[in-house]
Amino acid sequence: MMTVNEVSKLTGVSIRALQYYDTIGLLPPTEYTEAGYRLYDDTAMERLQHILLFKELEFPLKEIKTIIDAPDFDRNKALEQQIELFIMKKEHLENLINFARKIKTTGVNKMDLNVFATAKMDEYAKKAKEQWGHTTEYKEYEEKVKNQSPDAQKTAWQNLMLIFTEFGKMKDKEPGNEEVQLEVKKLQDYISEHFYNCSNEILKELGKMYASGGEFTENIDKSAGSNTAVFVAKAIEIYCK
C-alpha cells in the first residue's frame with residue numbers, strides 16, 4: 001500500500017488533485033487508515049497509470065472515467081490506442097520541431113500550414129462542406145463543433161483515425177468479411193455520434209473521397225498503412241449495398 005503523499009511524489013500528481021479524483025469517483029483509494037488517510041494498492045496504481053496516459057492525450061477527466069469504468073474496458077486495447085495516439089502526437093511534434101529549425105536556419109517566406117495537425121482537420125471539413133455544405137447533416141456538424149474546445153475536436157479526429165488504423169490491420173481479409181463490415185458500421189456510428197448523422201448515402205460519398213487519391217487518401221494511408229484508404233472504400237461500397 002502507498003500513502004497519498006507517496007503516490008504524489010512518485011507520479012507528480014498533486015495531493016489536491018488526488019483528493020479531487022477521489023471526490024469525482026475517478027480514482028477512489030483502496031482504503032483509508034484509521035486517521036482517514038488515503039491508501040492505494042497496485043490495482044489503484046494501474047488505474048492511475050491509465051488516467052495519466054489519457055490526460056497526456058488531453059482527454060477530459062469525465063471522459064476518462066467513462067472509458068475506464070465501462071464494463072467492456074480492455075486494458076490491452078486501451079494501451080494500443082494510447083500508443084497509436086502518442087505516435088501521432090510524436091509525429092506532430094517532430095514536424096513542428098523540424099519546421100522551427102527550418103525557420104531558424106534558412107527562414108521561410110511562406111508558412112507551411114501542413115505542419116499543423118489542425119490544418120488537415122480544417123481541410124477535411126472544407127471538402128466535406130463542398131460535398132454537402134447545404135445539407136442538414138453538415139449543419140448538424142457545425143452545430144456540434146461550435147461549442148467544442150480545440151482539444152475536444154482534436155481528440156475526436158484522432159479517435160477517428162484510430163478506426164482507420166484498425167482497418168489497416170484487416171487488409172489481409174476480404175472487404176466483405178464480417179469483421180471488416182462490422183468495422184464499417186463502427187465508423188458510421190462514430191461519425192454519427194461525433195460529427196453528423198452519417199446515412200448510407202453520405203457514407204458512400206465519404207468512401208469515394210477516402211479513395212480519391214488526394215489528401216484524404218494520403219492522411220489515411222500515412223496513419224494506417226499503404227492502400228488502407230482504398231480498402232476502406234471497397235468495404236464501404238459493399239456495406240452500402
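It should be noted that the structure appears before, not after, this text.
Since the structure is predicted, the reported quantities are computational estimates derived from the model, not experimental observations.

Considerations on the sheet that holds strand S2 (residues 31-32)
And then number 1: Spatial strand order, S1-S3-S2: 3 strands in an open sheet with antiparallel pairing. Each edge of the sheet is formed by a strand with only one pairing partner; in this case those strands are strand S1 (2-3) and S2.
And then number 2: One ladder, built from 2 bridges, connects S1 with strand S3 (residues 38-40); its direction is antiparallel. If you follow Thr3 over to S3, its bridge partner there is Leu39.

Some thoughts on the pattern of salt bridges
A side chain of one charge can pair with a side chain of the opposite charge when the charged atoms of the two come close.
And then number 1: By the definition in use, this model includes 11 salt bridges.
And then number 2: For the salt bridge of Asp22 with Arg38, the shortest nitrogen-to-oxygen distance reads 2.9 Å. With Asp22 in helix H2 (residues 15-23) and Arg38 in strand S3, this pair connects stretches of sequence that are 16 residues apart. Of the two residues, Asp22 and Arg38, neither departs from the other in class, the shared state being buried.
And then number 3: Of the charged contacts, one joins Lys173 and Glu179 as a salt bridge, the two residues approaching to 3.5 Å between their closest N and O atoms.
And then number 4: Residue Lys173 is classed as partly exposed on the basis of its relative accessible area of 29%.
And then number 5: When its relative accessible area of 38% is taken as the criterion, Glu179 is described as partly exposed.

Focus: the packing of helix H9 (residues 178-194) against helix H10 (residues 200-210)
And then number 1: At a closest axis distance of 11 Å, the pairing of H9 and H10 adopts a crossing angle of 105°. Relative to H10, the element H9 lies roughly perpendicular. When H9 is examined against H10, the residues Val184, Leu187, Gln188 and Ile191 are found in contact with a partner set consisting of Asn200, Leu203, Leu206 and Tyr210.
And then number 2: Of the residues that constitute the contact of H9 with H10, the class distribution is 6 nonpolar, 2 polar and no charged.

Quick notes on the nonpolar core
And then number 1: In terms of nonpolar packing, the biggest core is built from 50 residues, with Leu18, Phe164, Phe167, Leu187, Ile191 and Tyr210 touching the most fellow members.
And then number 2: The contacts of Ile191, once residues within four sequence positions are left out, are Leu160, Tyr196, Cys198, Leu206 and Tyr210.

Section: the side chain of Asp22
And then number 1: Judged by its relative accessible area of 14%, Asp22 is buried.
And then number 2: In contact with Asp22, not counting residues within four places along its chain, are Leu27, Pro28, Pro29, Tyr32 and Arg38.

Quick word on the packing of aromatic side chains
And then number 1: This model, assessed by the stated rule, comprises 3 aromatic pairs.
And then number 2: Consider the rings of Phe54 and Phe59, whose centres lie 5.0 Å apart with planes at 50°: the pair is tilted. This pair shows no difference in class: Phe54 is buried, exactly as Phe59 is.
And then number 3: Between Phe164 and Phe167 the ring centres are 6.4 Å apart and the planes differ by 35°, which places this aromatic pair in the tilted class. Placement of the pair is Phe164 and Phe167 together in helix H8 (residues 150-168), with a separation of 3 residues, close to one helical turn. Each member of the pair Phe164 and Phe167 is classed as buried.
And then number 4: Through successive ring pairs, a cluster of aromatic residues spans Phe164, Phe167 and Tyr210.

Parameters and conventions
- Residues numbered from 1 in each chain as written.
- Predicted model: local features only at pLDDT ≥ 70, side-chain atom pairs only at ≥ 80, totals over all residues.
- Heavy atoms only, no water.
- Pairing = 2+ DSSP bridges.
- Helix = DSSP H or I, 4+ residues; strand = E, 2+ residues; numbered from the N terminus.
- Salt bridge = Lys/Arg side-chain N within 4 Å of Asp/Glu carboxyl O.
- Buried < 20%, exposed > 50% of the residue type's maximum accessible area, 1.4 Å probe, protein only.
- Axes fitted to C-alpha atoms, helices over the stretch in contact; angles between N-to-C directions.
- Parallel < 35°, antiparallel > 145°, perpendicular 65-115°, else oblique.
- Contact = heavy atoms within 4.5 Å.
- Nonpolar A, V, L, I, M, F, W, Y, C, P; charged D, E, K, R; others polar.
- Core = buried A, V, L, I, M, F, W, Y, C linked by side-chain atoms within 4.5 Å.
- Phe/Tyr/Trp six-rings, centres within 6.5 Å; stacked < 30°, edge-to-face > 60°.

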